[in-house]
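# Per-entry structural report
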Amino acid sequence: MGQGEQEGKRLDNGVHLASGTGWGCPERADERSRDIRWQGSAAHFGLLWGAGMTMLSALGLASAPWKWGAGELAKDGGFH
């Protein structure tokens, strides 16, 4: 793996951490302040995951999610 590829992976991990924390902490605080059921968290996850996948495909960094197989979608969703 070249130096540029390693730097890209580090950037990717940093962006994932920042965006996950940035969206996850307020969602969790909101969940605690109001009696939100698991459906609210599932909808929140789906909206953010879908928006991220759409953005990555629009930027040409990933193929469109509807071109992925079920296994790839499950793996990606499980990681998140």
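We now turn to the structure provided with this report. Just so you know, these numbers come straight off a predicted model, no measurement behind them.

### Focus: the overall build of the protein chain
Each helix and strand counted, the protein chain has three helices and zero strands in total. The order of α-helices and β-strands along the protein chain, N terminus first, is α-α-α. For the protein chain, the residues scored as buried account for 10% of the 80 residues in total. Carbon and sulfur atoms make up 62% of the accessible area of the protein chain, which amounts to about 6,400 Å² in all.

### A closer look at a nonpolar patch on the surface
Residues Met55, Leu56, Leu59 and Leu61 make up a contiguous nonpolar surface patch of about 420 Å² in total accessible area. If you trace the backbone, methionine 55 turns up in helix α2 (residues 38-58).

### As for the side chain of aspartate 76
For aspartate 76, the position within the fold is in helix α3 (residues 70-79). The side chain of aspartate 76 sits in the buried core without any salt bridge; lysine 75 is the nearest counter-charge, 8.9 Å away.

### With respect to the environment of glycine 46
Residue position: glycine 46 is located in helix α2. Remark: the alpha-carbon pair of glycine 46 and glycine 77, spanning 31 residues in sequence, is separated by 9.3 Å.

### Quick word on the packing of α2 against α3
Running from N to C, α2 and α3 cross one another at 120°; their axes reach a closest spacing of 12 Å. Along this stretch, α2 crosses α3, giving a crossing that reads as right-handed. Across the interface between the two elements, Phe45, Trp49 and Met53 from α2 touch Leu73, Asp76 and Gly77 from α3.

So, how was this worked out
- Residues numbered from 1 in each chain as written.
- Predicted model: local features only at pLDDT ≥ 70, side-chain atom pairs only at ≥ 80, totals over all residues.
- Heavy atoms only, no water.
- Helix = DSSP H or I, 4+ residues; strand = E, 2+ residues; numbered from the N terminus.
- Buried < 20%, exposed > 50% of the residue type's maximum accessible area, 1.4 Å probe, protein only.
- Areas by Shrake-Rupley, 256 points an atom, 1.4 Å probe, with all protein chains shown as cover.
- Patch = residues over 30% accessible without salt bridge, like charges linked within 9 Å, V, L, I, M, F, W, Y side chains within 5 Å.
- Salt bridge = Lys/Arg side-chain N within 4 Å of Asp/Glu carboxyl O.
- Lys, Arg positive; Asp, Glu negative; His and termini not counted.
- Axes fitted to C-alpha atoms, helices over the stretch in contact; angles between N-to-C directions.
- Left-handed = near helix turned anticlockwise from the far one by under 90°.
- Contact = heavy atoms within 4.5 Å.

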